[in-house]
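# Descriptive structure summary
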Amino acid sequence: MSDAPLDLLLLPRWIVPVEPAGVVLEHHALGIRDGRIALIAPREAALREPARQTRELPDTVLIPGLVNAHGHAAMSLFRGFADDLPLMTWLQQHIWPLEARWVSEAFVRDGTALAAAEQVRGGVTSFSDMYFFPEVAAQVAHEQGVRAQVCIPIIDFPVPGAKTRADAIAAGRALREALPGLPRVRLAFGPHAPYTVGADSLQETMALAREWDIRIQMHVHETAHEVEEAVSLHGERPLARLARAGALGPHFQAVHVTQVNDEDMATLAATGTHVLHCPESNLKLASGFCPVERLWQAGVNVAVGTDGAASNNDLDLLGETRTAALLAKAVAGSATALDAHRALRMATLNGARALGLDALTGSLEVGKAADLVGVDLSGLAQQPVYDPVSQLIYATGRECIRHVWVDGRALLADGELTQVDEAALIATVRDWGMRMRLGASGA
Ligand SMILES: [Zn+2]
């Protein structure tokens, strides 16, 4: 019904649609109808359209919702528990024992609620999650109104919620059947990493992913150690092994990819495999550097993710994108690498492409879902504004994010979360922290 009135007409100072690339619209308006973007037009023309509600957003730049392409939401409850350790020590001596002791459905419910709320506050409208009890995470994302790709965790040892691979797949199958009631949730498989998922597990995962027509997300080439160990055990780099197994392709999301030789680069580009870059996790764990600019120039779709809060330690995708933009220049040895507009594209449309959501979200285009973020650039530290995208990427923190909509529904309105009792959530999370601290000192 194109002649129905708009539900909401937004009048921001700037609109950055991301597609077409590099464009900043000034004095334009964006109209929403039935959760979709129905109109992007010059302000004067848009004001002639009937609208139930009109909202002036002075000094605000309207951008597509951010897409956090990789994370482990419930691990937010481990934020700051074990820091400043190398990856394998951190995982084997701290994180895996903690998870074995503490992770339950209640843990995942509260941890995911914390992560989702932090992300909405930070302008994230779609996030990917790879963790235990994925059916609980899916429900929490649904309740908060945010979009999520929920990965069914596959790993070759017993984990909370799944003693065996068959258990994990059965839970995934049940979640798949519940998806019609969870319209913003997408399912994927999350085989943890080449060193924790054997050939049989990988083959079964690949077969099911094909049958269910869903994507696969996996940590790949996170560290030099991972690659060296694989070469000495199997005589092959993990990416080469995955390619030979037929695992790679446009449905495959490779997380981290800090170790890349020319052959890896050619394989990623030829197969259309997506790379999910998590710069702050890689920096904190001293894992290495993803060559973002070289991958981008080779035609690989590179998205950005925060990884879990236990290795970052925040889920601030805007901050992550600034880190990515700065790091890309250092790694490429070129100040022209990953400019501000491309950095924003990486955090929005590239993320949506990686998750298979680009027909729906990732850019501001008529017909797409109204997944939007309004960032207030009126503050001292943002002045003067020559290019709002430059200010956004290089000079603005997530505290300037004032409005977030998903499917046209306001999840953050004038800086307030609408779907979450923030004080109650903080109290619940503090209680978890207290219990885990006591548990650690009593152990
Ligand atoms: Zn991860």
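Residues numbered from 1 in each chain as written. Predicted model: local features only at pLDDT ≥ 70, side-chain atom pairs only at ≥ 80, totals over all residues. Heavy atoms only, no water.

### Concerning the pattern of salt bridges
Oppositely charged side chains are able to pair whenever their charged atoms sit close together. Scanning all chains against the criterion turns up 22 salt bridges. Salt-bridge contacts for Glu118 lead to Arg79; the nearest nitrogen and oxygen are separated by 3.0 Å. On the criterion of sequence distance, the pair formed by Glu118 in helix H3 (residues 105-121) and Arg79 in the loop between strand S6 (66-68) and helix H2 (87-102) is long-range, its members being 39 residues apart. The class for Arg79 is partly exposed, based on a relative accessible area of 34%. Members of the salt-bridge network, linked through shared partners, are Arg79, Glu118, Asp316 and Arg398. (Salt bridge = Lys/Arg side-chain N within 4 Å of Asp/Glu carboxyl O. Helix = DSSP H or I, 4+ residues; strand = E, 2+ residues; numbered from the N terminus. Buried < 20%, exposed > 50% of the residue type's maximum accessible area, 1.4 Å probe, protein only.)

### Focus on the packing of aromatic side chains
Taken as a whole and judged by the stated rule, the model has five aromatic pairs. Between Phe107 and Trp432, the aromatic rings sit 5.3 Å apart at their centres with planes inclined by 85 degrees, giving edge-to-face as the arrangement. Taken together, the residues span a long stretch of sequence, with Phe107 in helix H3 and Trp432 in helix H15 (residues 422-442) at a distance of 325 residues. With respect to burial, Phe107 and Trp432 carry one shared label: buried. By the ring-pair criterion, three or more aromatic residues cluster together here, those being Phe78, Phe107 and Trp432. Across the ring face of Trp296, the terminal group of Arg342 is positioned such that the distance to the ring centre comes to 5.0 Å. The side chain of Arg435 reaches across the aromatic face of Trp432, ending 4.3 Å from its centre. (Phe/Tyr/Trp six-rings, centres within 6.5 Å; stacked < 30°, edge-to-face > 60°. Lys NZ or Arg CZ within 6 Å of the ring centre and 35° of its normal.)

### Focus: the side chain of Gln119
One can find Gln119 in helix H3. Residue classification places Gln119 among the buried residues on the basis of a relative accessible area of 2%. Gln119 has contacts with Asn68, Val124, Phe127 and Leu315, leaving out every residue within four places of it along the chain. (Contact = heavy atoms within 4.5 Å.)

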